[in-house]
Structures are given as structure tokens and as C-alpha cells.
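Descriptive structure summary
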Amino acid sequence: MRCDKTKTERRGMAGAGRFFEDFIVGDVIRHATPRTVTLGDLALNQALYGNRYVVQSSDAFAQGLGYPRSPVDDLVTFHVVFGKTVPDVSLNAFANLGYAAGRFLTPVYPGDTLSSTSEVIGVRPTSKGDAGVVWVRTRGTRADGELVLEYVRWVLVRVQGGRPIQDTVVPDLPAVVDPAEIGGACPRIDLSAWDDALSGSPRRFDDYAVGERIDHVDGMTVEEAEHQLATRLWQNTARVHFDNHAQKSSKIGRRLVYGGHVISLARGLMYNGLENAFHVAAINGGRHVAPIFAGDTLYAWSEILDKQTLPGRDDVGALRVRLVGLKNDAPGAFPLKTEDGKDHPSVVLDLDLWVLLPR
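Here the structure is a predicted model, which is why all the values come from computation and not from measurement.

1. Considering the environment of Q166
Looking at where Q166 falls in the secondary structure, it is placed in the loop between strand 6 (147-158) and helix 6 (196-199). Taking the C-alpha atoms as reference points, Q166 and E21, separated by 145 residues in sequence, lie 7.0 Å from one another. Residues contacting Q166, with those up to four places away along its chain left out, are F23, I24, V25 and V123. Within polar-contact distance, the side chain of Q166 engages the backbone oxygen of F23 at 3.4 Å.

2. As for the nonpolar core
By size, the foremost hydrophobic cluster in this structure holds 57 residues, and its most contacted members are F78, W234, L274, L298, L319 and V355. Formed by 20 residues, the second largest nonpolar core is a distinct cluster that contains F61, L65, Y67 and C186.

3. Details of the packing of helix 2 (residues 39-49) against helix 7 (residues 224-233)
The N-to-C vectors of helix 2 and helix 7 enclose an angle of 150°; their axes lie 11 Å apart at closest approach. Taken as axis vectors, helix 2 and helix 7 run roughly antiparallel relative to one another. Crossing geometry of helix 2 relative to helix 7 is assigned as left-handed. Listed contacts from helix 7 to D41, L44, N45, L48 and Y49 of helix 2 are E226, L229, A230 and L233. Tallied by class, the residues present in the contact of helix 2 with helix 7 amount to six nonpolar, one polar and two charged.

4. Description of the pattern of salt bridges
Between side chains of opposite charge, a pair can form when the charged atoms approach closely. Within the structure shown, the criterion is met by 22 salt bridges. Of the charged contacts, one joins E119 and R139 as a salt bridge, the two residues approaching to 3.8 Å between their closest N and O atoms. Highlighted residues: E119 in strand 4 (residues 113-125) and R139 in strand 5 (residues 131-142), separated in sequence by 20 residues. Relative accessible area serves as the criterion here: at 27%, E119 is assigned to the partly exposed category. With its nearest N and O atoms 3.1 Å apart, the salt bridge here joins D196 to R204.

5. Description of the confidence of the model for the chain
Overall, the prediction assigns the chain a mean pLDDT of 92, with 96% of residues at 70 or greater. Per-residue pLDDT stays below 50 along residues 1-13; that stretch engages in 10 contacts with residues further than four places along the chain or on separate chains.

6. Considerations on the pairing of strand 10 (residues 297-309)
With three bridges joining them, strand 7 (residues 213-215) and strand 10 adopt antiparallel strand pairing. Bridge assignment links R213 to a residue of strand 10, and that residue is E303. Note: strand 8 (residues 220-221) against strand 10, two bridges, orientation antiparallel. Within strand 10, the residue paired with T221 across the bridge is T297. Here 11 bridges tie strand 10 to strand 11 (residues 316-327), and the two strands are oriented antiparallel to one another. Its bridge partner lying in strand 11, Y299 is registered against L326. Following strand 10, the chain reverses through six residues before pairing antiparallel with strand 11; G312 in that reversal takes a positive phi of roughly 75°.

Definitions and cut-offs
- Residues numbered from 1 in each chain as written.
- Predicted model: local features only at pLDDT ≥ 70, side-chain atom pairs only at ≥ 80, totals over all residues.
- Heavy atoms only, no water.
- Helix = DSSP H or I, 4+ residues; strand = E, 2+ residues; numbered from the N terminus.
- Contact = heavy atoms within 4.5 Å.
- Polar contact = N/O pair within 3.5 Å; in protein donor to acceptor, adjacent residues only side chain to side chain.
- Core = buried A, V, L, I, M, F, W, Y, C linked by side-chain atoms within 4.5 Å.
- Buried < 20%, exposed > 50% of the residue type's maximum accessible area, 1.4 Å probe, protein only.
- Axes fitted to C-alpha atoms, helices over the stretch in contact; angles between N-to-C directions.
- Parallel < 35°, antiparallel > 145°, perpendicular 65-115°, else oblique.
- Left-handed = near helix turned anticlockwise from the far one by under 90°.
- Nonpolar A, V, L, I, M, F, W, Y, C, P; charged D, E, K, R; others polar.
- Salt bridge = Lys/Arg side-chain N within 4 Å of Asp/Glu carboxyl O.
- pLDDT = per-residue confidence, 0-100.
- Pairing = 2+ DSSP bridges.

Pasting the structure below:
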């Protein structure tokens, strides 16, 4: 990590976060505060998002498949790793723009301690000059150094001014994670122990067709206290989610809901129709299309984009799923784009995932 500031300058910037010109391609940032995942975290996650995926809900079911116990929900791993990065990457961001090349690499269990590092892999100033896009590749590791998660995200970060700005570097990112590179966070499972009645559905990998769309039916209204509790739970310190006094003078005029909160709510809704999609194996890409606020109701629908068997695996298969989140608009008509090709006004999330199902 580059560190060419004097001690006095560093003290003066305490809590200020990095601005666009502070990001230098090739720098590696070690993020503060490793986090031990506890059963309390999992209970709060359950209370906030209502997940019902059986492998993450029942030790007995998971052990029957061959796990030592229920693994941590994949998005808990994501939130913990992501939350570490906020003070260093996105404290001064206008917006979190997207994700790509995300892979869940090994199971995480209660008691594991996770740390995060981020490498700056791209920068591009905007034409207005008041901000720039920063790309980082974030890696989450256990205390023993084993890699559990990696992903790329890009954010629009404010320019502070008065310092030189690096030349544009835009990383080349894959549109889709190669299916041959996923599945490491799901050990081989004993299919004879998979009970469709207990998992909630008889539909498995072979029962889904490419092009199929699924209305996830239920809606969840976002509550002010809940989204702030969730953001604090994951130690995300972005001021736009908390400081209502400051946000009143912003362009939007109120607190934003943490995008990861929206992702987890949509993942919880996804259970209806994809009950056996128990493992998120990869994040191919995704956008927070529009903000969501307390009082909005989130709905979701999915489209099966692709299905692939995994090399050497006859126990699980991978569905590529486009998960679309809507605010205040039921998903029966599957809204996505308007006639002129723009995002439908109700769409707030457009997420491309590989999920694993039993075969």
C-alpha cells in the first residue's frame, strides 16, 4: 500500500476516507478489523432476510449431506468481506456501480474469522472532473490465510482536488464466471440424503429450462430501523446510509438503503420457485439500477439464462440466474426494460448469479 503522507497529514484525514486521486493502480489495501462470524450474526441475518434454504438452516440436514454442520449463508460471507472495504474504498463514493468475477471459494462456518484486502485494478476520471470510477478486486480470507471469496466491484468516488490524477486504466473483466471455476465452496454432497419434502420443493437442476421466468411472488417492505441495523451488522460505515442530517442537503435528500441489504432481501424472496438453489457459487455481474428507500416494498423475479453441469460433479448442477429486484411493482409482468431500451422505472437490482442445485 502506498503511504507517502506525513503523520500530521494522516491525523488530519482520520475518518475522511480515500478520494479518487488516492487510488493508484497496483496498490493493495489491507482493511481493518477482522471479523469472527458468530451464531448471533446468523440469527440476525435470518431475522432481517428470512432465508429458508435448508442447508444453511439445519445442521442435521447439512450433516446428512456431508457437511460438518450448516455452512454460513454465502451472502453473510459477502457482507462481512464487503463491510471491511467501505472505509477505504467507498466512504466518499457517490454510488456503488457494479460487480463482476465474484467466486465463493470454500465453505465458511460459525467461528471462522474473515479479513479483507483490495487491489486497485482500474481508475477512470469522469468528464466533469468532480469524480472518477475506481475498480477494486477484493479478497476475503480466513485466519489461516485460505481464500474464501473474491470479487470485483467498481464505485464512483469524489475528487477532492488539488492533486494529480492517474491516467485511465480500465480492467478487462469476464462477462460470466467460467462454470469450471465454481463449486469449490460446495463439497461433494450425498444425494441420497437430500429430502425434497424438507427442502421445500421436488424441483432440482434438471427440472429448470433456459428461458424460464419465475415470479417470486412475495414482497418485503424495507423498514428504516432494519436497513440501518443490517448496515451496522456488517460494519459498513458509509455515511449515506446513516447520516440523515447530512443527506437532507444531498441531491437525493434522504438516507439510501445499503445495496447489499437489497441483494439479501431479493435472495430471500428467490426461495419461492428456487427452493433448492441452496448455494450462490458466483456473481457474474450486477448493478444497483436505482436507489431504494425505507418504506419501499421490494419484489423479485428471476430468469434462467443458462444451465451447466460441473466438471467431475454428478451431485450438483449450476443454473445461471438473472435476479431482478423491483420496488413497489409486483413482478407478474416481469418488468426489465422500457420500449426505448432503458431500465424500467421499477427496477432497482439486476444481478447475474450462478447458483447450485442438487441433481
